[in-house]
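So the chains spell out like this:
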Amino acid sequence: MEKTDRAGRAGCSCRTSCPEQCPGERPCTAFASFFIFEKRFENGAPIPWVTGVADPTGSIALTNDEQIDLLPGYYYVSYSVATVLEEAGYLQVTPFVNGTPYLFYGAYFKESAGSSSATGANTFILHLSAPASLRLTCNSSVANRAGAATLSVLKLAPAAL
């Protein structure tokens, strides 16, 4: 008897399309989005998140309101942070992976007047050989108000399998 997969394709022994793939199939992809709005960002504290779109595969998971856990793989990460600075000052956003700061993927904005908008954004690709946690932390020299942030994480498939 010839084996078929869930989609009824002959010649394949796969029982599911994710995470195991039949030969020649495109690998499983995963994605999730997170946001926060009307939030004051505390100096030196991680940004708290709310899930916008949850990842059904479990590769990307918000484990508490500050930490996103990622399974091994390649990830495309994109974030944007905006707030109103009460006084002249700066806003710095730093990603942390397993507690290590990734300053080179950070964002920085300086404003010379009070009640001014400060925004920062960045996009990067991570390669993780083991499970890891991702956090974004804000630092600022002054108080802020009415902050908003978005974070999108896409699990990428390697070009060659």
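Data block above holds the structure.
Bear in mind that the values here come from a model prediction, so they are computed numbers and not experimental data.

Reading the values: the criteria
- Residues numbered from 1 in each chain as written.
- Predicted model: local features only at pLDDT ≥ 70, side-chain atom pairs only at ≥ 80, totals over all residues.
- Heavy atoms only, no water.
- Pairing = 2+ DSSP bridges.
- Helix = DSSP H or I, 4+ residues; strand = E, 2+ residues; numbered from the N terminus.
- Phe/Tyr/Trp six-rings, centres within 6.5 Å; stacked < 30°, edge-to-face > 60°.
- Buried < 20%, exposed > 50% of the residue type's maximum accessible area, 1.4 Å probe, protein only.
- Axes fitted to C-alpha atoms, helices over the stretch in contact; angles between N-to-C directions.
- Core = buried A, V, L, I, M, F, W, Y, C linked by side-chain atoms within 4.5 Å.
- Patch = residues over 30% accessible without salt bridge, like charges linked within 9 Å, V, L, I, M, F, W, Y side chains within 5 Å.
- Areas by Shrake-Rupley, 256 points an atom, 1.4 Å probe, with all protein chains shown as cover.
- Salt bridge = Lys/Arg side-chain N within 4 Å of Asp/Glu carboxyl O.

**Student:** Explain the pairing of strand β1 (residues 30-39) to me, and be specific about the residues and the numbers.
**Tutor:** One ladder, built from nine bridges, connects β1 with strand β12 (residues 144-156); its direction is antiparallel. In the sheet register, A32 faces β12, and the bridge partner there is V153. Of the pairings in the sheet, the one linking β1 to strand β3 (residues 50-53) comprises three bridges and is antiparallel in character. Residue pairing for β3: S33 is matched across the bridge by V53.

**Student:** Requested: an account of the packing of aromatic side chains, with residues and values cited.
**Tutor:** All told, the structure shown has six aromatic pairs when counted by the stated rule. Between F35 and F37, the ring centres sit 6.2 Å apart and the planes meet at 20 degrees, which makes this aromatic pair stacked. A residue is classified by how much of its surface remains accessible, and F35, at 28% relative accessible area, is partly exposed. When the ring of Y102 is compared with that of F104, the centres are 5.3 Å apart and the planes differ by 45 degrees; the resulting orientation is tilted. Judged by relative accessible area, which is 59%, F104 ranks as exposed. In textbook terms, an aromatic cluster arises when at least three aromatic residues are bridged by ring pairs, as seen for Y102, F104, Y105 and F124.

**Student:** I'd like a description of the sheet that holds β3, backed by residues and values.
**Tutor:** Strands sit in the order β3-β1-β12-β6-β10 across an open sheet of five strands; the sheet is antiparallel. Two strands lie at the open edges of the sheet, namely β3 and β10 (116-128), each paired on one side alone. Put simply, the sheet's adjacent strands are angled 15 degrees from each other on average, direction ignored. Examined bridge by bridge, strand β6 (residues 73-85) and β12 share eleven bridges and lie antiparallel to one another. Looking across to β12, one finds that Y76 is bridged to L154.

**Student:** I'd like a rundown of the side chain of T137, residues and numbers included.
**Tutor:** Along the chain, T137 turns up in strand β11 (residues 132-140). Residue classification places T137 among the buried positions, given a relative accessible area of 8%.

**Student:** Let's hear about the nonpolar core: which residues, and what values?
**Tutor:** Note on soluble globular proteins: their nonpolar side chains tend to be buried together. Ranked by size, the top nonpolar core spans 31 residues in total, and within it I47, I60, L70, V81 and L151 carry the most contacts. Among the secondary structure elements, those contributing two or more residues to this core are β1, β5 (68-70), β6, β7 (89-97), β10, β11 and β12. Top contributing element to this core by residue count: β6, with five residues.

**Student:** Explain a nonpolar patch on the surface to me, using residue names and the numbers behind them.
**Tutor:** Together, F31, V53, Y74, Y76, I125, L154 and L156 give the surface a local cluster of nonpolar side chains, amounting to about 570 Å² of exposed area. Within the secondary structure layout, I125 lies in strand β10. Overall, I125 belongs to the partly exposed group, its relative accessible area being 48%.

Functional significance is not addressed by these values, which are geometric in nature.
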